[in-house]
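Residues per chain, in single letters:
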Amino acid sequence: QVHLVESGGGSVQPGGSLRLSCTRSGDIRRDYYMAWFRQSPGKEREGLASTYTGGGVTYYSDSLEGRFTVSQDNAKRTLYLQLNSLTPEDTAMYFCAADLRGLGAGGSWSKAGQYNYWGQGTQVTVSS
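So, how was this worked out
- Residues numbered from 1 in each chain as written.
- Predicted model: local features only at pLDDT ≥ 70, side-chain atom pairs only at ≥ 80, totals over all residues.
- Heavy atoms only, no water.
- Helix = DSSP H or I, 4+ residues; strand = E, 2+ residues; numbered from the N terminus.
- Rg over C-alpha atoms; globule rule 2.2 N^0.38 Å.
- Buried < 20%, exposed > 50% of the residue type's maximum accessible area, 1.4 Å probe, protein only.
- Contact = heavy atoms within 4.5 Å.
- Areas by Shrake-Rupley, 256 points an atom, 1.4 Å probe, with all protein chains shown as cover.
- Lys, Arg positive; Asp, Glu negative; His and termini not counted.
- Charge placed at Lys NZ, Arg CZ, Asp CG, Glu CD.
- Phe/Tyr/Trp six-rings, centres within 6.5 Å; stacked < 30°, edge-to-face > 60°.
- Disulfide = S-S within 2.5 Å.
- Salt bridge = Lys/Arg side-chain N within 4 Å of Asp/Glu carboxyl O.

Asks: Is there a simple way to explain the overall build of the chain in this structure?
Replies: Assigned secondary structure in the chain consists of 0 helices and 11 strands. Written out in order from the N terminus, the α and β elements of the chain read β-β-β-β-β-β-β-β-β-β-β. For the chain, whose C-alpha radius of gyration is 14 Å, the value lies close to the compact-globule estimate of 14 Å for 128 residues. Each principal axis of the C-alpha distribution contributes one length, and for the chain these read about 45 × 30 × 25 Å. Every one of the 128 residues in the chain was classed for burial, and the buried ones make up 43%. Partitioning the intrachain contacts of the chain with sequence separation of at least 6 by distance along the chain shows that 57% fall at a separation of at least 24. For the chain, the exposed surface amounts to about 6,400 Å²; the carbon and sulfur share of it is 46%. Put simply, the chain has 12 plus and 11 minus side-chain charges, and the middle of one group is 5 Å from the middle of the other.

Structure representation (structure tokens):
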């Protein structure tokens, strides 16, 4: 029902910034929750932030320490994640996801199982 494509990743030095984009397509005419996740080899997928396409709700992982910001432009059908003050620990594949089942993004928003559509990911590498 929805196709998600991430872009904007790349290689940066510590302290650098990136702006990731997730563009969605498909014949969807209702609002739903979307989220950003990341995953490093050998580690579980980590929820970073979630928001509602209809606006009004945003969630962040406490571990981000205010360095990441999620936003959206519904006219462009695009979700963004601004990454600032990057460190090597931020190196990962970053994914966007959508919850078209309507499970909600409350207490379990950061659980990967809540989302049933995923993009292919965009790689972020932070090294000196």
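Asks: I'm lost on the packing of aromatic side chains in this one. Help?
Replies: How two aromatic rings sit relative to each other is set out by the distance from centre to centre and by the angle between their planes. Across all of its chains, the model carries 6 aromatic pairs by this definition. Aromatic pair Phe37 and Tyr115: ring centres 5.4 Å apart, planes at 75 degrees, arrangement edge-to-face. Taken as a pair, Phe37 in strand β4 (residues 33–39) and Tyr115 in the loop between β9 (92–99) and β10 (117–118) lie far apart in primary sequence, 78 residues in all. Ring pairs connect the aromatic residues Phe37, Phe95, Tyr115 and Trp118, which therefore count as one cluster.

Asks: Would you mind showing me how to read the state of the cysteines here?
Replies: Counted according to the given criterion, the structure contains 1 disulfide. Put simply, Cys22 and Cys96 are joined by a disulfide, and their sulfur atoms are 1.9 Å apart. The disulfide joining Cys22 to Cys96 has a torsion of about 50 degrees about its S-S bond and is therefore right-handed. Of this pair, Cys22 sits in strand β3 (residues 18–25) while Cys96 sits in strand β9; the two residues are 74 residues apart in sequence, bridging distant segments of the chain.

Asks: Please clarify how the pattern of salt bridges should be interpreted in this entry.
Replies: Pairs can form between side chains of opposite charge whenever their charged atoms are close. On inspection of all chains with the given rule, the structure shows 4 salt bridges. Note that Arg38 is salt-bridged to Glu46, the shortest N-O span being 2.9 Å. Residue classification places Arg38 among the buried positions, given a relative accessible area of 10%. For Glu46, a relative accessible area of 26% corresponds to the partly exposed category. Of the charged contacts, one joins Asp90 and Arg67 as a salt bridge, the two residues approaching to 2.8 Å between their closest N and O atoms.

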